[in-house]
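Here is what each chain is made of, one letter per residue.
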Amino acid sequence: MNSIYKRSVVTLGQFIIERQADFPYAKGELSRLLRDIGIAAKIVNREVNKAGLADILGDIGSSNVQGEEQKKLDVFANEQFISALSSGGECCAIASEENEEMIQISSDVSKNARYVVCIDPLDGSSNIDVNVSIGTIFSIYRRVSLSGTIQLSDFLQKGTEQVAAGYVIFGSSTMLVYTTGRGVNGFTLDPSIGEFCLSHPDMKVPKTGTIYSINEGNYVHFPEGVKQYIKYCQVEEAATKRPYSSRYIGSLVADFHRNLLKGGIYIYPATAKSPKGKLRLLYECNPLAWIVEQAGGKASDGYGRILDIQPNSLHQRTPFYIGSSEMVKLAEEYMARFSQK
Ligand code: P6P
């Protein structure tokens, strides 16, 4: 091919359209839904990047020079994703970390839409004020109820039923990483053209790694199996490159993304304070679990596959062990041996 015609940049929009052929029965709805999420992510990115200027922009609750109320960024992010999904016409309902109840989108353009979206619009938002990376996590399902009022059953589907899942990380650069069941691809936002550009094609997580991510401040409340696994990580043995490094940012998307690229395990187990774990199944654990499996990794609740869990409420929590397959498998073995269910 003549080099002047060889395209060096593939945008998210181009990639989605080119992959459209992967969905023989879809008529472009899922592609448009992913496009809508990308648009909202760019708007949120603009505000996240200004977060440090709160003093100039005015504190939360105050009004800026345009008379716009200054919002907490997670509230702002939630409004942006709800607005983009509502106006895009491909989503008929949303379950958001920021909203106790599911949100039905009953506009004429959306009421017959085929998809529902579970979303954590800005996870780790407490890190914003200290300039630590934060993220958005989303999961897309086909609506199962036939028509009319959205049912809880439209959301309480196993993670294996997802049709798309992804996250946005607002860090040193802003990336959107997603899967539709045909591998994992990462796109980096190029602010100079305002486009997410393919930067990490066909992402694969190393089968093992030397990083473990857990809040060891909760050590005394961990299950014995987790305590024993942490001890394993800390033992010196050259052959297995131990002791491993402890890396914990306190922002799930940032810890997950680093471990996806380098190899490693993130654990948020059940603790005394969070007897069912802290992280939410529908819009944190299921989407990242599908992504990690599509990248060759593993995601567990300590005993079994995250994607096989039958949800019974919108905001239910689960213990979460995710990352390199061999590391998660070993952690499960420690749980089986020291902390029977
Ligand atoms: P802890 C942020 O609040 C979050 O939901 C995840 O992003 C993060 O990994 C975890 O909680 C941190 O929780 O209890 O260690 O501060």
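Structure first, text after, so check above.
Here, residues in each chain are numbered from 1, in the same order as that chain's written sequence. At least 70 in pLDDT is required for a residue's local features to be given in this predicted model, at least 80 for side-chain atom pairs to be given and counted, and no such filter applies to totals for whole chains, interfaces and linings, which use all residues. Note that water and hydrogens are dropped before the side-chain values are worked out from all heavy atoms of the structure.

**Student:** Would you take a moment to explain the site of the ligand for this structure?
**Tutor:** One heavy atom within 4 Å of a molecule or strand makes the whole residue count as near it. All residues in the neighbourhood of the ligand are listed as Asp123, Gly124, Asn215, Tyr248, Gly250, Ser251, Leu252, Tyr266, Tyr268, Lys278 and Leu279. Polar contact is the term for a pair of N or O atoms within 3.5 Å; when the atoms are in protein, one must be able to donate a hydrogen and the other to accept it, and sequence-neighboring residues count only if both atoms are side-chain atoms. At a separation of 2.9 Å, an oxygen atom of the ligand approaches a polar side-chain atom of Asn215. Tyr268 has a polar side-chain atom sitting 2.6 Å from an oxygen atom of the ligand. Under the convention used here, a 1.4 Å probe and the Shrake-Rupley method define accessible areas, while residue burial counts only the protein chains that appear. When the ligand sits alone it has 400 Å² of accessible area, and the protein chains cover 79% of it. Tallied by class, the residues present in the shell around the ligand amount to five nonpolar, four polar and two charged. Basically, the charged four are Asp, Glu, Lys and Arg, the nonpolar ten are Ala, Val, Leu, Ile, Met, Phe, Trp, Tyr, Cys and Pro, and anything else, Gly included, counts as polar.

**Student:** In this structure, what is going on with the packing of helix α2 (residues 29-50) against helix α4 (residues 73-88)? I would like to understand it.
**Tutor:** If you want to describe how two helices pack, look at the angle between their axes and the distance between the axes. In this description, a line fitted to the C-alpha atoms serves as the axis of each element, helices being fitted only across the stretch in contact, and the angle between N-to-C directions of two axes falls anywhere from 0 to 180 degrees. Where helices and strands are cited, they refer to DSSP runs of H or I of at least four residues and of E of at least two residues respectively, numbered from the N terminus. The geometry of α2 relative to α4 is characterised by a closest axis approach of 9 Å and an angle of 155 degrees between their N-to-C directions. Here α4 runs roughly antiparallel to α2, going by the angle between their axes. As for the relative orientation of α2 and α4, their crossing is right-handed in sense. Between α2, through Leu33, Arg35, Asp36, Ile37, Ala40, Ala41, Ile43, Val44, Glu47 and Val48, and α4, the contact on the second element is made entirely by Leu73, Phe76, Ala77, Gln80, Phe81, Ala84, Leu85 and Gly88. For the contact of α2 with α4, a count of residues per class yields 13 nonpolar, two polar and three charged. Roughly parallel covers angles under 35 degrees, roughly antiparallel covers those over 145, roughly perpendicular covers 65 to 115, and oblique covers all other angles. A clockwise turn of the near helix away from the far one marks a right-handed crossing, whereas an anticlockwise turn of less than a right angle marks a left-handed crossing. Residues are treated as being in contact if the distance between any of their heavy atoms lies within 4.5 Å.

**Student:** When you look at the pattern of salt bridges in this model, what are you seeing that I'm missing?
**Tutor:** Pairing between side chains becomes possible if they bear opposite charge and their charged atoms approach one another. Throughout this description, the term salt bridge denotes a Lys or Arg side-chain nitrogen within 4 Å of a carboxyl oxygen of Asp or Glu. Scanning the entire structure with this criterion turns up 13 salt bridges. Asp255 serves as the salt-bridge partner of Arg258, at 3.1 Å between the closest nitrogen and oxygen. Note that Arg258 and Asp255 are positioned in helix α6 (residues 252-262) at a spacing of three residues, about one turn of the helix. In terms of burial, Arg258 and Asp255 fall into one category: buried. Overlapping salt bridges bring together Glu293, Arg305 and Asp308 as one network. The buried label applies to any residue whose accessible area, calculated with a 1.4 Å probe on protein chains only, is under 20% of its type's maximum; exposed applies above 50%, and partly exposed to all values in between.

**Student:** Please clarify how the pairing of strand β13 (residues 320-323) should be interpreted in this entry.
**Tutor:** Strand residues, when the strand is regular, have side chains that alternate between the two faces of the sheet. Neither face of β13 is exposed, since Phe320 and Ile322 on one face and Tyr321 and Gly323 on the opposite face are all buried. Summarising the sheet, strand β11 (residues 265-268) and β13 pair through four bridges and their orientation is antiparallel. Looking at the pairing, Tyr266 lines up with Ile322 of β13. If DSSP finds at least two bridges between two strands, the strands pair.

**Student:** I would appreciate a short explanation of the packing of aromatic side chains in the present structure.
**Tutor:** We describe a pair of aromatic rings using the distance from one ring centre to the other and the angle between the two ring planes. Each aromatic pair joins two rings of Phe, Tyr and Trp (for Trp, the six-membered one) with centres within 6.5 Å, and gets the label stacked for planes under 30 degrees apart, edge-to-face for over 60, and tilted for any other angle. For the structure on display, the rule yields 12 aromatic pairs. A centroid spacing of 6.4 Å and a plane angle of 65 degrees characterise the contact between Tyr266 and Phe320, whose relative ring orientation is edge-to-face. On the criterion of sequence distance, the pair formed by Tyr266 in strand β11 and Phe320 in strand β13 is long-range, its members being 54 residues apart. Chaining the aromatic ring pairs together yields one cluster made of Tyr229, Tyr232, Tyr244, Tyr334 and Phe338. Between Arg242 and the ring centre of Tyr232, over which it is positioned, the NZ or CZ distance is 3.8 Å. To sit over a ring, a charge needs its Lys NZ or Arg CZ within 6 Å of the ring centre and within 35 degrees of the ring normal.

**Student:** Would you mind showing me how to read the sheet that holds strand β6 (residues 174-179) here?
**Tutor:** Through backbone hydrogen bonds, the strands of a sheet pair up, either in parallel or in antiparallel fashion. Spatially, β2-β1-β3-β4-β5-β6-β7-β8 is the arrangement adopted by the eight strands of the open sheet, whose pairing is mixed. The sheet terminates laterally at β2 (103-104) and β8 (195-200), the two strands that pair on one side only. Bridge count between strand β1 (residues 91-96) and β2: two bridges; the pairing is antiparallel. Looking at β2, one finds that Ala93 is bridged to Gln104.

**Student:** Which parts of the structure should I look at to understand the nonpolar core?
**Tutor:** In a soluble, globular protein the nonpolar side chains are often hidden away together inside. In these notes, a set of buried Ala, Val, Leu, Ile, Met, Phe, Trp, Tyr and Cys residues joined through side-chain atoms within 4.5 Å is what counts as a nonpolar core. In terms of nonpolar packing, the biggest core is built from 44 residues, with Phe155, Tyr167, Leu288 and Phe320 touching the most fellow members. Domain ranges listed in this record stem from an automatic or a database domain assignment. Inspection of this core shows a minimum of three residues originating in each of domain 1 (7-200) and domain 2 (211-338). Contacts of Leu288, omitting those with residues within four sequence positions, involve Ile137, Tyr167, Leu252, Phe256, Phe320 and Ile322. The next biggest cluster of nonpolar side chains, apart from the first, holds 40 residues, and it includes Phe15, Ala77, Ile105 and Tyr115.

**Student:** Would you mind going over unusual backbone geometry with me for this structure?
**Tutor:** For residues other than glycine, phi is negative in most cases, and the peptide bonds are mostly trans. In this chain, Arg242 is followed by Pro243 through a cis amide linkage whose omega measures 5 degrees. With respect to the element layout, Pro243 can be found in the loop between α5 (224-234) and β10 (245-246). Located in the positive-phi region is Asn131, a residue other than glycine, with phi close to 60 degrees. Tracing the sequence through the fold places Asn131 in the loop between β3 (115-123) and β4 (134-142). Residue Asn131 is classed as exposed on the basis of its relative accessible area of 75%. Of note in this structure, Lys241 is not a glycine but carries a positive phi near 55 degrees. Mapped onto the fold, Lys241 is located in the loop between α5 and β10.

Such coordinate-based values are descriptive only and should not be taken to indicate function.
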